[in-house]
Amino acid sequence: MPKIDIPQLKDYSSSSLDGFFQSIKDLFEQEAANVHTLDELENLRIRWIGRKQGLMNQIGDVLKRAPAEARKDVGTRFNTLKAEVEPRCDLNAIRASKSSVSKTFATNAPGTIAVISEGLARVGIDYGVVEQTGQSIDITLPGIRPTLGAEHPLIRTMQEIVRVFEHMGYSVGVGPEVETDYYNFEALNFPPNHPARDTQDTLVVANQQHKPLRDRLLLRTHTSPVQIRTMERQPPPVRIVIPGKVHRNDAADATHSPIFHQVEGLCVDENITFSDLKGTLDHAMKELFGPNVRTRFFPSFFPFTEPSADVQISCIFCGGKGCRKCKHSGWIELLGCGMVNPAVFDFVRGKQPAYDPKKISGFAFGMGVDRIAMMKYGISDIGLLYSGDMRFLEQFA
Ligand code: PHE
């Protein structure tokens, strides 16, 4: 800004004073019109009403030399000027009076803070936003509409399954995806070198050989280790479902993926029987797939359940008559389950003595979420669930 150039005052006559104050006011108007940013506003404030060097002070000094009979004339004119200049240099005053904002800036500089402050105030946003960035925003531009996300079909299916069990009084738990051999296998009654370990196609973390087997890290092959973690933490009764991601060293094809999802269930209490297991799962399948779905249980094997069973549901596509989807059998295999093996309780008894197989019993089950999601939504390739392909995902929005 130019150095101060206060006009010369020749005498103290009315017309001379009017001219003097008018030229100062013109100067202020000219400078105020050039203020487009908050920094510039601050400069204007310092220049005009700054405490030491401010122009208004200097003008005041000049006028102090006025002869006594001119004092009154000079004083009223000075005060009028001051009342005009001060609020227009001060952000708080500008804020307090939106109309003076527009008078100060809006006409000469559309799109500047004046416009912004008024525009933002109209939509209820605090002017402070502008203060922080110090930038001009053209609030007349159309807004950017945020695209709404949608739940991934896997997560949605997993939540649906979990909700069915929540309604039956189950709580929800989670556990780590990188697990130790102990929780993934040993405590679930897979002894070292037991052939049942081979069925799990484990992905192990490299360079763990120096550790005892039980401490070696791997990507959990199922959610069952969280059964152990849950029982170690709390005495019976337990009713819990555990949704989560699991990994196996499977080559990817239309029905296999090295990453997939399971929902585990565990119920431990006095007098839990296989009938409870059957009733619970039959009810859950009807909740998930509709009241006409039937279930049947086949003998199976898992080291951590005894007896163990595989559960099939009547084909949801053909109602059980037989079609391509169920390979003309009328049934679709959906989950594994069984009564908790007393050997598993023995592993947790060191930490929770109440898991005494003579006093309590329980059942467990585990189901693959991906297959259920694929059936529910008619997805033919499991890889689509992990592809991140927007054309696929947008269908679920
Ligand atoms: N964890 C087993 C699997 O992944 C499923 C299962 C869970 C079986 C609980 C019985 C009880 O194959």
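Please refer to the structure higher up on the page.
Draft legend 1. Inspection of the packing of aromatic side chains at higher detail. Here the structure, examined in full by the defined rule, presents 14 aromatic pairs. Judged by centre distance (4.9 Å) and plane angle (25°), the ring pair of Phe165 and Phe365 falls under stacked. A residue pair is termed long-range when its members are at least 10 positions apart, and Phe165 in helix H9 (residues 153-166) and Phe365 in strand E9 (residues 361-368) qualify at 200 residues. Here the two residues Phe165 and Phe365 agree in accessibility, since each one is buried. Summarising the aromatic geometry, the rings of Phe190 and Phe304 are spaced 5.9 Å apart at their centres and angled 35° between planes, so their arrangement reads as tilted. Of this pair, Phe190 sits in the loop between helix H10 (181-184) and strand E3 (217-219) while Phe304 sits in the loop between strand E6 (295-302) and strand E7 (305-314), and the two are 114 residues apart along the sequence. Grouping residues by exposure puts Phe190 and Phe304 together as buried.

Draft legend 2. Region of the structure containing the environment of Leu81. Tracing the backbone through its elements, the reader meets Leu81 in helix H4 (residues 71-89). Residues Leu81 and Ile24, spaced 57 residues apart in sequence, show a C-alpha to C-alpha distance of 8.6 Å. Setting aside residues up to four positions removed in sequence, Leu81 forms contacts with Phe21, Ile24, Lys25 and Met56.

Draft legend 3. Quick peek at the pairing of strand E8 (residues 331-340). Summarising burial for E8: 9 of the 10 residues are buried, a large majority. Across 8 bridges, E7 lies against E8 in antiparallel orientation. Bridged to Ala309 within E8 is Cys337. Bridging between E8 and E9 involves 5 bridges; their strand directions are antiparallel. Residue pairing for E9: Cys337 is matched across the bridge by Phe365.

Here is what the cut-offs are and how they apply
Residues numbered from 1 in each chain as written. Predicted model: local features only at pLDDT ≥ 70, side-chain atom pairs only at ≥ 80, totals over all residues. Heavy atoms only, no water. Phe/Tyr/Trp six-rings, centres within 6.5 Å; stacked < 30°, edge-to-face > 60°. Helix = DSSP H or I, 4+ residues; strand = E, 2+ residues; numbered from the N terminus. Buried < 20%, exposed > 50% of the residue type's maximum accessible area, 1.4 Å probe, protein only. Contact = heavy atoms within 4.5 Å. Pairing = 2+ DSSP bridges.

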